Every structure is written in C-alpha cells, then in structure tokens.
2 protein chains.
Amino acid sequence: MRIFSKGLLPALLAGPLLPLGLHAQEAAVTPNGVVAAAPASDWKPIDPADLMVMDLAPDAAGKARRVVIQLIPAPFSQGWTENMRKLVAARWYDGIAVVRVQDNYVVQWGDPNSEDEAPDTNGDTARAKPLPGRLEVLAPGDYTAAASALPEDVNGANADAYAARTGFVAGWPIAGDEKASWPIHCYGTVGVGRSMSPDTGTGAELYAVIGQAPRQLDRNIAVVGRVIAGMEHLSSLPRGPGIMGFYTSEADRTPILSVQLGNEVANLPGFEYLATDSASFARYRASRANRKDGFYDVPAGGVDICNVPVPIRQASS
Amino acid sequence: MRIFSKGLLPALLAGPLLPLGLHAQEAAVTPNGVVAAAPASDWKPIDPADLMVMDLAPDAAGKARRVVIQLIPAPFSQGWTENMRKLVAARWYDGIAVVRVQDNYVVQWGDPNSEDEAPDTNGDTARAKPLPGRLEVLAPGDYTAAASALPEDVNGANADAYAARTGFVAGWPIAGDEKASWPIHCYGTVGVGRSMSPDTGTGAELYAVIGQAPRQLDRNIAVVGRVIAGMEHLSSLPRGPGIMGFYTSEADRTPILSVQLGNEVANLPGFEYLATDSASFARYRASRANRKDGFYDVPAGGVDICNVPVPIRQASS
C-alpha cells in the first residue's frame, strides 16, 4: 500500500517522539506513536529464564535463524511449561525439526521419527527419541484457570465471537466467562500438539500460529507461549505439500539445532513488554480501534483482541 | 498438533462422504465433512473472466508459481476492478514485482521503479512504467455500497468488533451498518495500495493479506478480490528487511512474469465456490462455530467471520 510513501513513513512507523505530558498524549494518536511515547516505567522486563531460544539450521544463504519464545506466566498452562523446561534441560528438543507448515494455520515442530509427526512419510519410529522421565501428565481441566485470573476491570477488547469477556493480564491476551479464564490463540501463539482428547500433549511437540487466529483451539489445547522475535523464520517457511501441510521428504524439514532457556544464552538481548495495565497500553489499544492520521478516514470503532498485539521491544543496552 | 495422527486424518480432512439426507447432515458435523457432503447444486462456478492469473517467476528450484485471484463482484469496488482489467489488457502488470512482505500483514506488488514502491532503495523513477490512459479516478465514497447489498437474512457471523452486521453475499464476507455495506479484509484478501487520503489508488499496486485480518483497513481502502489458489507462493515469501517490510535490494524481489484474465489462460482449471445462501454453507458455518468431533471438547459457540473461509474447489473435469 502506498500508505507507504516516503513522507508518511516516519509518522506511521515511529510516531512523534514528543516529550511526555498531556499534549504529547494528544499528539501521539497512532499506535506506534503511542508506543514510542510510553514512559520507561510502562515497560516491564521479561525474565530471560522465561524465554526459550530456538536456533533453526541456517537458511539457504547461510544466515542464522533464531526464534525467541516467551513462556506464559502463572496461572496459565504451568504444567506444560514445566514439562518444556524439563525437555530443554534434557536437551530433548536439540536435533528435532519443523515437520509441518500449513498455510493460514500453524508451523509445527517435533521429533520427525515420532509416528505423530510423519503421518504419511518416512519417519522411523524405531528411532523415535525417548522422552525424559518425570513429565507431568496434564488433564483438559488444566487448559483453564479461575475466572478471577481475568479481572473485570482490565483493559478489555471489543465484541468477541468466542468468549463473554476478553482482556489483557500481565501482558497476555486472555478470555473468560463466569466460570473460568484461558489464554487466547493469536498470530504467533505457541501451543502444545496433542492427539485425540482427552490426551493433552506433553510439550514435546509444539506449534506456532501463522494465520488468522484459530480461536476454536482455545480451551481445547494448551497455550504455552508466544514468539517474540524471529517469527518470520517460521512464518515464511515453505508450506508442506503433504496432508495438512506435513512435509513429505526429510530434505524439506528445517532442523532445530538447539533450544535453550534465555538465561543459558550468551549475549541475548533483553526484552520488555508494554505493561497492559498501564495508561500507555490503554491509549495504544484505543488507537488500534480508532486510527487517526492522514491515512485513515473511517475509524473502525472497535478492534479484535488478536489485532492488539502487545508491544514487545529489545531493551536498550 | 497431533490432531494429526494417522487414524484421525481421513475424518478431519474429508469428513464422511455419506449419502445426502437428514442422517448424513447429522453425521457430517466437521467443517470438512459438511463441505464434502454438499450436493453439486450448492457449488457455483466462478467465471474465468473474473479471475486474474498471476505467474510469478519460478522459485529457486525452478518450480512454477501461479497465483489465482478472484475479482469481487458488483456492487463492490467495481471502479477498481475495471481499472485492473484495463491494466491487464495493457499488459501493464507484466514485469512488475513483489516489492514488500511485512510479516502478519501484507505482501505487496507493483512497479519497483515507482517512487511509492521503493521508499528507501534503488527504484529508478525515471524508468517508472507509465499507466495506461482511461483509468477511472475513484473516490473514498466508492469503498462502500448501499446497506441493502447486505440483506438482513444472510448467513451472518457472530459478534464482530468492527461492524454492526456481518454476513456473506454471493460468496463474499461483507460487513455493514444502517448506512452502507462493504467488503471485509480477511486472510488472502486483495486490496488496492494507495497514498494518503483522499487518494484511493488506481489498482496498479496491489496487496494480499498474509496475517490476522487487518479489519481497520475496511472502508479505508478498496477490497478488490481474494486469492483462491497459490496463496502459499505469496505467504511464504521472505519478509523484507527494510522499513515496513520493503525489500532493500532488487535481487530479493520476486518478478511477476505475467497477469492474465482466467479466460485468456489455456487449460486453467475451473473453480467453484460453496453458495453462501445454501443450507450446506449454513451448516458449514455452524460447524466452524461449534466443532464436534473426537478432538474438540469445548465448542466455541461462535466464530469470527474471517475464520469462516468460503469453501472454494477446483471443478471436476
């Protein structure tokens, strides 16, 4: 789009970097402008121990491909994230691969020799990696947390087809009703692959959303995190030619060299998120619902919760 | 996801191919099952004259990449689609390129030498292609049609954050209120790039949505069509390293060899869509809102309109 002519780019991308105060708040009406104007105190650090750093094999040009995944905090999906920490500690993920890319749906990775990851091809189940011991066995009831985990006064989104209430809790999009609350599948969300219910998966096979939010998976599958850097290394992978986007030849799979926790990785940049209970976030969300600049004539007046990505940035060093 | 173990695949993918009738309708409760059970009379042909066939340069392995775009029917965006037909007739699109890929947003193509398509790089504006004459100049008022174009009794979707009403008209997702109706930006939607309002673009630069539905663009930009085949050739392109996903070197751009109307292309398969005013479509939509099979435990009870992609298939020859 020529939203994208030279003159407009600075305003659209960074927004005016004005001194703080009421006038700045009025001027910074674009989403990026609001984010750029947020005071440092509205940015919260992400603990490196809550990051999974997944290094894919280099691309065809030899360029490194690093994907950084933030694990979801309590009270959501803690059993699965604990399993994933055990799998990282056992170096179990090292050497597995991206086995499936289905357009407008998910990228999935796991052990190519698991029967589950190679439904129509060349997996060698005799060579499947044994899982480490002491993985928790979770039940579908663990997909949700107490309703109170989504307070009524959080920064909510607008009308939602899937849940009575939605809002943001500690930097994450959450849905709920009078009985429970649960994390939401948006673009970049990471979840736990599983077989038929009531199996809930161990965390040994994971997927990331690369299309329209598949909210029908909410409460039916464990949301364990989100991609906060390197998403393009997953979303631009070739779609698989097989059934449901599975790759049909080993050569098409992208190897995963290693998965480490962020605090195990030297020189990993720090990451911060915009506190979702801050005034800056409230303004950001409002500006996503009602775009006001020289490009937009008709503000929507509302916004889907998955169209309000929580701003995340690298901390200045 | 191990929704994807061998045993489950046939049921998930094709659904039971049962004889028609009440029992079959009850049994065919998955979306794919409903679609597979739809009678031939519920499928409508897409006129090849309403297709734009865009052939990208072959991929690195020499494989052809064909993208098929269906133009939106009246009463929506007719001025722009008429311009696009003139641009095709003038062979204006032949030799342009994909110039921008922004993750979770859009793939954009146009003339690399236009100032608008190369904001920070190597476009040679002196070599920009002149547009053919007699292109219509459209106004923002043309983004919408009469409210009556979205009848109240169409197959509607559920709660929507962006519009008072949504539904499907002649195979397309449409939003509306008491004053107007307009087409919706979903995954795969094709729209017309433009500069600052009140410019509305000519149709010489186009984009396709490759992420979460950017519904804030509705009524602010012209929706002219959707990708019905070859979407993966656009969505899996490398994201651009420049500002807003623009490519910063000519070598990164994907050339567009030619764009032809479907009726100009030899041996193009026929395409059909599931009539959105059919009982099959109503069942399909209901099944998208309430998944019922061995995988899902908790049906959502609703579905976003962009999560109800209109089924399109190649006609059997």
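In this text, all values refer to a predicted model and were calculated from it rather than measured experimentally.

**Student:** Sorry, what's going on with the overall build of chain A here?
**Tutor:** Along the backbone of chain A there are six helices and 15 strands. The buried share of chain A, reckoned over its 317 residues, is 59%. Put simply, 69% of the contacts in chain A that link residues at least 6 apart link residues at least 24 apart.

**Student:** Is there a simple way to explain the relation of the copies chain A and chain B in this structure?
**Tutor:** Each of the two chain copies can be brought onto the other by rotation about an axis and movement along it. It takes a turn of 180 degrees to lay chain A on chain B, together with a shift of 0.0 Å along the axis; the resulting RMSD is 0.0 Å. What we have between these two chains is a two-fold relation. The overlap is high: 100% of the interface residues of chain A also sit at the interface in chain B, so the same surface is used on both sides.

**Student:** Would you mind showing me how to read the sheet that holds strand β9 (residues 180-183) of chain A here?
**Tutor:** As a general point, the strands of a sheet are linked pairwise by backbone hydrogen bonds and lie either parallel or antiparallel. Residues and elements named next belong to chain A. As summarised here, the arrangement of the four strands in space is β6-β9-β8-β7, forming an open sheet in which the pairing is antiparallel. Each end of this open sheet is capped by a strand with a single partner; those strands are β6 (145-146) and β7 (165-169). As judged from the three bridges shared by strand β8 (residues 172-176) and β9, these two strands associate in the antiparallel manner. Its bridge partner being in β9, I174 is matched across the sheet by P183.

**Student:** Which parts of the structure should I look at to understand the layout of surface pockets?
**Tutor:** Once rolled over the atoms, a probe with the size of a water molecule shows which space is left empty. Residues and elements named next belong to chain B. Here the second largest pocket defines a volume of roughly 260 Å³. Around the second largest pocket, the lining is made up of 14 residues, and of these G95, P112, N113, E250 and R253 lie nearest the centre. Residues that form the lining of the second largest pocket fall into these classes: four nonpolar, four polar and six charged.

**Student:** Help me understand the interface of chain A and chain B, please; the structure alone is not making it clear to me.
**Tutor:** Many structure descriptions define interface size as the accessible area lost when the parts assemble. At the junction of the two partners, chain A supplies 71 residues and chain B supplies 71 residues. Summing both sides of the interface, chain A and chain B together bury roughly 6,200 Å²; the carbon and sulfur share of this comes to 56%. Run the count over chain A and chain B and you get 24 residue pairs in polar contact (both at pLDDT 80 or more). Taken together, the elements giving at least two residues each to the side of chain A that touches chain B come down to α1 (9-13), β5 (106-110) and α5 (231-235) of chain A. Along the lines of polarity and charge, the residues of the side of chain A that touches chain B split into 36 nonpolar, 18 polar and 17 charged.

**Student:** Any chance you could explain helix α6 (residues 279-289) of chain A here in plain terms?
**Tutor:** Because an α-helix packs 3.6 residues into every turn, residues spaced three or four apart end up facing the same way. Taken as a whole, α6(A) has its buried residues at S280(A), F281(A), Y284(A), R285(A), S287(A), R288(A) and A289(A). Buried residues belonging to α6(A) abut α3 (31-37), β7 and β14 (271-274) of chain A.

**Student:** What is the right way to read the state of the cysteines from this model?
**Tutor:** A disulfide bridge is the covalent bond that connects two cysteines by way of their sulfur atoms. Residue and element names in this part refer to chain A. Going through the model one piece at a time under the given rule, you end up with two disulfides over all chains. For C186, the disulfide goes to C306, at an S-S distance of 2.0 Å. Across the disulfide from C186 to C306, rotation about the S-S bond amounts to roughly -75 degrees, and the bridge is consequently left-handed. Separated by 120 residues along the polypeptide, C186 in the loop between β9 and β10 (189-192) and C306 in the loop between α6 and β15 (312-314) bring together distant segments of the chain. You'll find C186 and C306 in the same group, each marked buried.

Thresholds, definitions, all that
Per chain, residues are indexed from 1 in the order of the written sequence. Chains carry letters from A onward and ligands carry numbers from 1 onward, assigned in written order. Side-chain atom pairs in this predicted model are given and counted only at pLDDT of 80 or more, local residue features only at pLDDT of at least 70, and totals for whole chains, interfaces and linings cover all residues. Side-chain metrics in this entry use all non-hydrogen atoms of the structure; hydrogen atoms and water are not considered. Helix and strand assignments come from DSSP, with helices taken as H or I runs of at least 4 residues and strands as E runs of at least 2, each series counted from the N terminus. Three exposure classes are used, based on accessible area relative to the maximum for each residue type with a 1.4 Å probe and protein chains only: buried under 20%, partly exposed in between, and exposed over 50%. The contact rule is simple, with two residues in contact once any of their heavy atoms fall within 4.5 Å. Superposing copies: least-squares fit, C-alpha atoms only, residues required to have pLDDT of at least 70 in both. Two strands form a pair only when DSSP identifies at least two bridges running between them. Lining residues are those with an atom within 4 Å of a point, where the points come from a 1 Å grid over the protein atoms alone and group into cavities, where a 1.4 Å probe fits but cannot get out, or pockets, open sets with protein on both sides within 12 Å along at least five of seven lines. Grid points are joined across faces, edges and corners, and a volume is the space filled by probe spheres set on the points. Each residue is assigned to one class: nonpolar for Ala, Val, Leu, Ile, Met, Phe, Trp, Tyr, Cys and Pro, charged for Asp, Glu, Lys and Arg, and polar for all the others, Gly among them. Here's the idea: put two parts together, see how much 1.4 Å probe accessible area each one loses, and the total over both is what we call buried area. Whenever two N or O atoms come within 3.5 Å, that pair is a polar contact, provided that in protein one can donate a hydrogen and the other can accept it, and provided that, for residues adjacent in sequence, both atoms are side-chain atoms. Note that a disulfide, as used here, is simply two cysteine sulfur atoms within 2.5 Å.

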